[in-house]
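Tertiary structure, described
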Amino acid sequence: MIQNGAKQHSSTAIEMNLVESAFPVGGETQRLDRACIVAAWAVATLWLLYLTPDAAYFVTDSDGGFFIDGAYHLRRTGEQPQIHFLSSYGPLSFYLRSLSQGLLGDRLMAEVGLAVIGYGAAFSALFAAARVGSGSRYVAALVLASAMLCLPRYYKFFVVLVPAAMLLVAYGHVNRPRPLTAAVLGACVAVAFLFRHDFGV
């Protein structure tokens, strides 16, 4: 759990740095934006914990159950997704769950922990991107609330995370074009492809 907390803190810190790049403003405004991003992360995390389904959901949902079983199989046998077993999802969907299972054990808490971390980072990035794009914290809060009410399936955090991260980096690149931000944009497309092939196209 300590390692999961460190990951959440790290992802939030990255998003704050991207906001600074995307929306260069004064110190007081920047501090307030940082506080708002932390608040968005906290609200999203509590919302995800509230919406956590029962155990039956994870084992009866076709995709969710396959993620858990595929990650378990990967850890136990070393067989690789798309090589030894086929899926419409990319290998990163299984590697992250395999890592989560290794950290939290072979229990559903590993899936819940990954979803909470993933959606926490996703909604923080979405709030930051909406804040930068609209110039208004109120609009960003409205976008965040709308996205939270239209939550995808519990395990599909990448559906929100990757586009939100790309949008935030794109704003930063428009304001301050740099090779680094261009490379990060390309990396986001690659990560989307590794989560699901048609998602990165």
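Source: prediction; values computed, not measured. (Residues numbered from 1 in each chain as written. Predicted model: local features only at pLDDT ≥ 70, side-chain atom pairs only at ≥ 80, totals over all residues. Heavy atoms only, no water.)

With respect to the side chain of Glu111
- In this structure, Glu111 sits in helix H6 (residues 108-134).
- Setting aside residues up to four positions removed in sequence, Glu111 forms contacts with Phe58, Ile68, Arg97, Ser100 and Tyr155. (Helix = DSSP H or I, 4+ residues; strand = E, 2+ residues; numbered from the N terminus. Contact = heavy atoms within 4.5 Å.)

Observations regarding the packing of aromatic side chains
- Following the criterion strictly, the structure yields 12 aromatic pairs and no others.
- Pairwise contacts between aromatic rings join Phe67, Tyr89, Phe94, Tyr119, Phe123, Tyr155, Phe157, Phe158 and Phe195 into one cluster.
- The residue whose ring lies beneath Arg196 is Tyr89, and the NZ or CZ to ring-centre distance is 4.7 Å. (Phe/Tyr/Trp six-rings, centres within 6.5 Å; stacked < 30°, edge-to-face > 60°. Lys NZ or Arg CZ within 6 Å of the ring centre and 35° of its normal.)

A short note on the confidence of the model for the protein chain
- Per-residue confidence for the protein chain gives a mean pLDDT of 83; residues scoring 70 or more make up 86%.
- Per-element confidence in the protein chain ranges from a low mean pLDDT of 52 for helix H1 (residues 2-22) to a high of 94 for helix H7 (residues 137-149). (pLDDT = per-residue confidence, 0-100.)

With respect to the pattern of salt bridges
- Scanning all chains against the criterion turns up six salt bridges.
- Asp33 is the partner of Arg137 in a salt bridge, and the nearest nitrogen-oxygen pair spans 2.9 Å. Linking Arg137 in helix H7 with Asp33 in helix H2 (residues 27-51), this pair joins segments that are 104 residues apart in sequence.
- A relative accessible area of 25% means that Arg137 is categorised as partly exposed.
- According to the relative accessible area criterion, Asp33 is buried, its value standing at 4%.
- With a closest N to O distance of 2.6 Å, Asp106 and Arg76 form a salt bridge. Of this pair, Asp106 sits in the loop between helix H5 (91-104) and H6 while Arg76 sits in helix H4 (residues 62-77), and the two are 30 residues apart along the sequence.
- Judged by relative accessible area, which is 41%, Asp106 ranks as partly exposed. (Salt bridge = Lys/Arg side-chain N within 4 Å of Asp/Glu carboxyl O. Buried < 20%, exposed > 50% of the residue type's maximum accessible area, 1.4 Å probe, protein only.)

Observations concerning the environment of His197
- Along the polypeptide, His197 turns up in the segment after helix H9 (179-195).
- Note: C-alpha distance between His197 and Gly90 (107 residues apart in sequence) is 6.1 Å.

Brief notes about the packing of H5 against H9
- It is at 5 Å that the axes of H5 and H9 come closest, and there the two elements cross at 85°. Between H5 and H9, the crossing angle belongs to the class labelled roughly perpendicular. Contacts between H5 and H9 pair Pro91, Leu92, Ser93 and Leu96 from the former with Val191, Leu194 and Phe195 from the latter.
- Considered class by class, the residues forming the contact of H5 with H9 number six nonpolar, one polar and no charged. (Axes fitted to C-alpha atoms, helices over the stretch in contact; angles between N-to-C directions. Parallel < 35°, antiparallel > 145°, perpendicular 65-115°, else oblique. Nonpolar A, V, L, I, M, F, W, Y, C, P; charged D, E, K, R; others polar.)

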